[in-house]
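# Notes for the structure review
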Amino acid sequence: MENPTSAVNPERHSSWDTDVLIIGSGAAGLRAALAASEHTNVTLITKTTLTESNTHYAQGGIAVAMNLDDTIALHIKDTCAAGVGLCDVKAVEMMVSEGIPRVAELLDWGANFDWEGTLPRFTQEAAHSRRRIVHKGDATGRETTDVLIQRVLNTENIHVLQNTFAIDLLTDVENPKGHEETVTCYGVTAVVDEQVVYIRARATILATGGLGRLYPCTSNPKVATGDGFAAAWRAGCEMVDMEFVQFHPTTLYLDGAPNFLISEAVRGEGGKLVNIRGERFMEKYHEKGELAPRDVVSRAIQIEMELTGFPCVYLDITHEPAEFILERFPTISDTTQHYGLDISIDLIPVRPGAHFMMGGIRTNTNTETNLKGLYACGEVACTGVHGANRLASNSLLECLVYGARAGTNAATFAALQLSHPPDMLSAGNIGTSQTPHIEVDLVTIEAIRDAIRETLWENVSIERNGEGLEQTLAELQDLTTDLGSVPAPPESSDIAIIETINMLNVALMITESALTRTESRGAHYRADFPMSDDTDWHRRILIKNDNPPEVIPL
Ligand code: FAD
Ligand code: SIN
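Residues numbered from 1 in each chain as written. Chains lettered and ligands numbered in written order. Predicted model: local features only at pLDDT ≥ 70, side-chain atom pairs only at ≥ 80, totals over all residues. Heavy atoms only, no water.

## Quick notes on the overall build of the protein
Within the protein one finds 16 helices and 22 strands. Relative to its length of 554 residues, the protein is compact, with a C-alpha radius of gyration of 22 Å against a globular reference of 24 Å. C-alpha atoms of the protein, sized along the principal axes, occupy 65 × 55 × 50 Å. Looking at the protein residue by residue over its 554 residues, the buried ones come to 62%. Residue pairs in contact within the protein that sit at least 24 positions apart in sequence constitute 74% of those at least 6 positions apart. On the protein, the mean spot of the 42 positive side-chain charges and the mean spot of the 76 negative ones are 5 Å from each other. (Helix = DSSP H or I, 4+ residues; strand = E, 2+ residues; numbered from the N terminus. Rg over C-alpha atoms; globule rule 2.2 N^0.38 Å. Buried < 20%, exposed > 50% of the residue type's maximum accessible area, 1.4 Å probe, protein only. Contact = heavy atoms within 4.5 Å. Lys, Arg positive; Asp, Glu negative; His and termini not counted. Charge placed at Lys NZ, Arg CZ, Asp CG, Glu CD.)

## Section: the side chain of Ser53
Its place among the elements puts Ser53 in the loop between strand S3 (42-45) and helix H2 (54-57). Separated by 3.1 Å, the side chain of Ser53 and the backbone nitrogen of His56 make a polar contact. Apart from residues lying up to four places away in sequence, Ser53 is in contact with Ser25, Gly26, Thr145, Pro221 and Val223. (Polar contact = N/O pair within 3.5 Å; in protein donor to acceptor, adjacent residues only side chain to side chain.)

## Comments concerning the site of ligand 2
In the region of ligand 2, the neighbouring residues are Gln59, Gly60, Glu125, His248, Leu261, Ser263, Glu264, Arg294, His355, Arg390, Ala392 and Ser393. In this structure, Arg294 approaches ligand 2 through a side-chain N or O atom, which is 3.0 Å from an oxygen atom. Arg390 has a polar side-chain atom sitting 2.8 Å from an oxygen atom of ligand 2. In the complex, the protein chains occlude 93% of the 260 Å² of accessible area that ligand 2 would expose alone. A breakdown of the residues in the shell around ligand 2 according to their chemical character gives two nonpolar, six polar and four charged. (Near = heavy atom within 4 Å. Areas by Shrake-Rupley, 256 points an atom, 1.4 Å probe, with all protein chains shown as cover. Nonpolar A, V, L, I, M, F, W, Y, C, P; charged D, E, K, R; others polar.)

## Regarding the side chain of Ser263
Among the structural elements, Ser263 can be located in the loop between strand S13 (245-252) and helix H7 (264-268). The exposure class of Ser263 is buried, given its relative accessible area of 1%.

## Let's talk about the sheet that holds S13
Read across the open sheet, the four strands follow the order S13-S16-S15-S14; overall the sheet is antiparallel. In the strand order of this sheet, the two ends are held by S13 and strand S14 (272-274), each with one partner. Taken over all neighbouring pairs, the strand axes of this sheet differ in orientation by 45° on average, direction set aside. (Pairing = 2+ DSSP bridges. Axes fitted to C-alpha atoms, helices over the stretch in contact; angles between N-to-C directions.)

## So, the pairing of strand S22 (residues 550-553)
Where strand S21 (residues 539-543) meets S22, four bridges bridge the pair, whose relative direction is antiparallel. By the bridge assignment for S22, Arg540 is matched with Ile552. The antiparallel hairpin formed by S21 and S22 contains six residues in its connecting segment, where Asn545 sits at a positive phi of about 50°.

## Focus on the site of ligand 1
In the neighbourhood of ligand 1, 38 residues make up the surrounding shell, with Thr55, Gly60, Gly61, Glu379 and Ser395 lying closest. Backbone polar atom of Gly60 to an oxygen atom of ligand 1: 2.8 Å apart, as the coordinates give it. Between ligand 1 and the protein, one listed contact pairs a nitrogen atom with a backbone N or O atom of Gly61 at 2.8 Å. Considered on its own, ligand 1 offers 1,000 Å² of accessible surface; in the complex 98% of this is hidden by protein. Breaking the shell around ligand 1 down by element, the ones donating at least two residues are helix H1 (27-36), H2, strand S9 (164-174), strand S16 (348-357) and helix H12 (394-416).

## Notes on the sheet that holds strand S17 (residues 360-362)
Read across the open sheet, the five strands follow the order S19-S17-S12-S21-S22; overall the sheet is mixed. The outermost strands of the open sheet, each flanked by one partner alone, are strand S19 (381-382) and S22. Judged from the two bridges that link them, S17 and S19 form a sheet pairing that is parallel. If you follow Arg362 over to S19, its bridge partner there is Cys382.

## What about helix H14 (residues 466-483)?
Over its 18 residues, H14 extends 26 Å from the first C-alpha to the last, a length consistent with the 26 Å expected when each residue adds 1.5 Å. For H14, the complete set of buried residues consists of Gly466, Gly468, Leu469, Thr472, Leu473, Leu476, Leu479, Thr480 and Leu483. Along the axis of H14, the buried positions cluster into a sector of 155°, meaning they face one direction only. For H14, the side-chain oxygen to backbone nitrogen distance between the N-cap and Glu467 is 3.1 Å, and the N-cap itself is Asn465. (Expected span 1.5 Å × (residues − 1). Arc of directions from axis to C-beta.)

## Side note on the pairing of S16
Among the ten residues that make up S16, nine are buried, leaving the element largely enclosed by the rest of the structure. Pairing of S13 with S16, which is carried by six bridges, proceeds in the antiparallel orientation. Paired with Thr251 across the two strands is Arg351, which belongs to S16. Sheet topology places strand S15 (residues 313-316) next to S16; three bridges connect them, and they run antiparallel. Bridging from a neighbouring strand, Tyr314 pairs with Pro349 of S16.

So this is what it looks like as structure tokens:
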């Protein structure tokens, strides 16, 4: 992988200045904007519309230790058990304890979650020892973003720029004699109306969400092409745990329908999995049956699909009365109805899909990255709260807690910057190779995207092995060469090309990390190393610049 940088002159292009720049309008970015706006002026940019994000589609809910029989200690224990030894316990403690006031505040701001008497109606999801998921039917994400967006739009000192695509981070490198180099981030280059613009900031927060769209089968919307991971890596950020991609066991598998998520809450309410022969199978694989950890259920479904030679299994919630299903899962009922399924009488065809990225930009609990002035929160960040596998419904909690922390910390940092950003800044050059320029048309770009998705699905998904990973690595390197040295920003503003380069950058990080971890743990299952190895692998993998992956202590 190469990540050259090039000097750029903001004077050549339109520019915009702000105190705190936030990239992304999911729960993390929106919550960060609200926190930062208590102290300073904020600009929030987002790739398409304010509502388009993984958050908006979140179904199951938000995990929070508020139920009468629950405790912070139990929630921490469940989170760390799911993370299989790789969670940063301090970061988990912070998420779980600060999560309580963050969720209470969301309710205070008007989130209309489901209630039972004087308490929220807590539901159950896999690997939770208590009923602790607060929700709004199966549309918790929509309710959460509606509340946060309304508040952001009502806040005078938050300026929102939609259809603004962040390309690369603007950085300045100081190399004082005898001291370690310091890289400071001063905002981003972005595409607006097909033009490249410079958005300069005293502090920047990356909240660009996930990367599910690197896989052909995913619960994620189109915006999730991993842009933030790639831009951060090109700017020299430390990237950790990139081998840990979570596959959700149940996405809809129907001709003509998208891979719509069928929430884990369906299994939480007693939904059963059966194979094409009508046999229940989860008890064979785990004592918790359908509520086993996600990686176990996804792998079990994959095995059943192979054993039966059939491309899906079925989820059965028909034991529940139609009125309950309609009230509890209105979005799922509506969507499946649209494709001719009545889930109160029909089985739901499902199979696993890429869902969530545990790894990302390494941050501490203050959401600081290794670049001065750059903060990261939400799915693009890796504070270590999820370890090798995320517990259901902990992501929205993470976004609220670490989003708020990022906003406050970035605003404090911005206030301490006395000078303006320097005139000459560098932007990670997204050109991917030094090979001679070749013409790249949209058909080629689409073919490259398909090839990335196919090879990742084949070799870097639910089950991996060394040979397959090597093969994918070679294929990704060939694709990088195929892409040639495309016209890089600021000369190019073609979003399809930029996204494809981002996908390639990120696919390489995932594959290299997966190849390095020669054991199985959490969401990373190596058929050639099926056991966990706590002696050698109670460690993390770090990727930075073009260096080979480095194995580091927890
Ligand atoms: P996102 O919500 O994905 O927001 C990222 C934002 O960044 C978007 O606005 C995007 O447009 C923007 N962006 C991306 N790239 C660029 C760019 N280049 N320039 C500018 N903007 C950019 N988790 C739970 O805890 N509970 C659940 O019930 C749950 N259900 C889920 C259901 C589905 C279908 C999915 C897909 C995920 C679910 N998750 C759930 C996971 C959770 O929703 C996400 O992990 C979380 O919402 C991520 O929030 P975020 O703010 O980090 O990113
Ligand atoms: C779901 O509703 O199954 C998704 C929950 C999550 O990803 O945490």
